[in-house]
Amino acid sequence: MRIIQLSDLHIRGDEYNLFGLNPLYRFQKAIESINKNYPEAEFIVITGDLAHKSNLNAYKQIKEIIETSKIKVKLLIGNHDNREDFYSVFPNTPKYNGFVNYTYEKDDHLFIFLDTKIANSHAGDMCEIRYKWLENILKSTEKNCFIFMHHHPVKIGINVIDNINFLSYERFWSTIKNTNVKHIFFGHIHRNVFGIKHSVGYFGIRSTNHQLALKNTNKEYLTNEEKPNYAVIDIVDSDVNINLHEYLEEERVYLYDEESVKHILIFK
């Protein structure tokens, strides 16, 4: 099974740039690339921060682009989003007790989508309602489970973003311990990060707009010029393989000529 992950669109709701980049254009190009290269994917998941500063027009712009997707799209919210505005534009997104919590089953796989937004904070967490929901889901299934969420339930070693991670991460890992959770996917960090914790794999992805510099400070949020990408996630049973597709210049493909030691550019 193939899944595509995008994250942190940061759509403004207008035509202006953000950090000198056009988030609307970059999201549109991502969907165009996925339509072209991976139309067989089971679904696309966008793991939060759909809008930069939540407003109805931002979600309307996102919806217009999503409607061009050949693949069904599953959505989550992040710290920059607003549930009320989100559901006013995407009323058919499943919910549990008002939260963007839902599941999707396919064969022997169970995909779990978690709402980690908390009020008045850029950090994330889950209340008792959401924890209880997750616990009940995990106790009631024998399927291989894969979790999608916005905030990172780990420390990645960059203080400026680790200070606003998933706050109760120790409880989170205790909750999924000895369950069928095989892998966790998140956004928020604006970087590609891979790791394993308690025998469970995790992956965090770049933004489609701006990226967090690896060499950062404790207080200032420094960005860099790394290119946006989406993740092509292939799952077979409990095995996960992740390829990263930098899509903005994907037509620049080279044939290596060993005799002349030159790179020959091929335009598709």
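Below or above, wherever it landed, is the structure these notes cover. Keep in mind that this is a model prediction, so the values were computed, not measured.

### Structural notes on the overall build of the protein chain
A count of helices and strands for the protein chain gives six helices and 15 strands. Overall, the C-alpha framework of the protein chain stretches about 60 × 40 × 40 Å when taken along its three principal axes. Relative to its 268 residues, the protein chain shows a buried fraction of 53%. The contacts in the protein chain between residues at least 6 apart in sequence include a share of 64% that link residues at least 24 apart. For the protein chain, the computed accessible surface area is about 12,900 Å², with 46% contributed by carbon and sulfur atoms.

### Topic: the pairing of strand β3 (residues 73-76)
In terms of strand pairing, strand β2 (residues 43-47) meets β3 through four bridges, oriented parallel. Paired with V45 across the bridge in β3 is K74. Following the chain from β2 across helix α2 (residues 56-66) to the adjacent parallel β3, one finds a crossover that is right-handed.

### Thoughts on the environment of T179
The residue T179 is located in the loop between α6 (169-176) and β7 (181-186) in this model. Take T179: its relative accessible area is 24%, and that puts it in the partly exposed class. Taking the C-alpha atoms as reference points, T179 and K143, 36 residues apart in sequence, are found 9.8 Å from one another.

### A few points about the pattern of salt bridges
On inspection of all chains with the given rule, the structure shows 14 salt bridges. Among the salt bridges present, the one from K143 reaches E105, with a minimum N-O distance of 3.9 Å. In this pair, K143 is assigned in the loop between α4 (128-139) and β6 (144-149) and E105 in strand β4 (residues 102-106), connecting sequence segments 38 residues apart. Judged by its relative accessible area of 23%, K143 is partly exposed. Note that E226 and R191 form a salt bridge whose closest N and O atoms lie 3.3 Å from each other. In this pair, E226 is assigned in the loop between β11 (223-224) and β12 (230-236) and R191 in the loop between β7 and β8 (193-197), connecting sequence segments 35 residues apart.

### Some thoughts on helix α1 (residues 23-37)
Between the first and last C-alpha of α1 there are 21 Å, a value that for 15 residues agrees with the 21 Å anticipated at 1.5 Å per step. All of the buried residues along α1 are P23, L24, R26, F27, A30, I31, S33, I34 and N35. Structurally, α1 contributes buried residues whose contacts are with β1 (2-6), β2, α2, β12 and β13 (239-245). Structurally, the start of α1 carries an N-cap: the backbone nitrogen of L24 is 3.1 Å from a side-chain oxygen of N22.

### Quick word on a negative patch on the surface
Residues D107, D108, D237 and D239 make up a contiguous surface patch of negative charge. Tracing the sequence through the fold places D107 in the loop between β4 and β5 (109-113). Relative accessible area serves as the criterion here: at 58%, D107 is assigned to the exposed category.

### Here's the deal with the side chain of N79
Here N79 shows up in the loop between β3 and α3 (83-89). The exposure class of N79 is buried, given its relative accessible area of 8%. Among the polar contacts made by the side chain of N79, one reaches the side chain of H122 at a distance of 2.8 Å. Residues within four places of N79 in sequence aside, it is in contact with D49, K117, S121, H122, H150, H151 and H188.

Parameters at a glance
- Residues numbered from 1 in each chain as written.
- Predicted model: local features only at pLDDT ≥ 70, side-chain atom pairs only at ≥ 80, totals over all residues.
- Heavy atoms only, no water.
- Helix = DSSP H or I, 4+ residues; strand = E, 2+ residues; numbered from the N terminus.
- Buried < 20%, exposed > 50% of the residue type's maximum accessible area, 1.4 Å probe, protein only.
- Contact = heavy atoms within 4.5 Å.
- Areas by Shrake-Rupley, 256 points an atom, 1.4 Å probe, with all protein chains shown as cover.
- Pairing = 2+ DSSP bridges.
- Right-handed = clockwise from strand over helix to strand, strands pointing away.
- Salt bridge = Lys/Arg side-chain N within 4 Å of Asp/Glu carboxyl O.
- Expected span 1.5 Å × (residues − 1).
- Polar contact = N/O pair within 3.5 Å; in protein donor to acceptor, adjacent residues only side chain to side chain.
- Patch = residues over 30% accessible without salt bridge, like charges linked within 9 Å, V, L, I, M, F, W, Y side chains within 5 Å.
- Lys, Arg positive; Asp, Glu negative; His and termini not counted.
- Charge placed at Lys NZ, Arg CZ, Asp CG, Glu CD.

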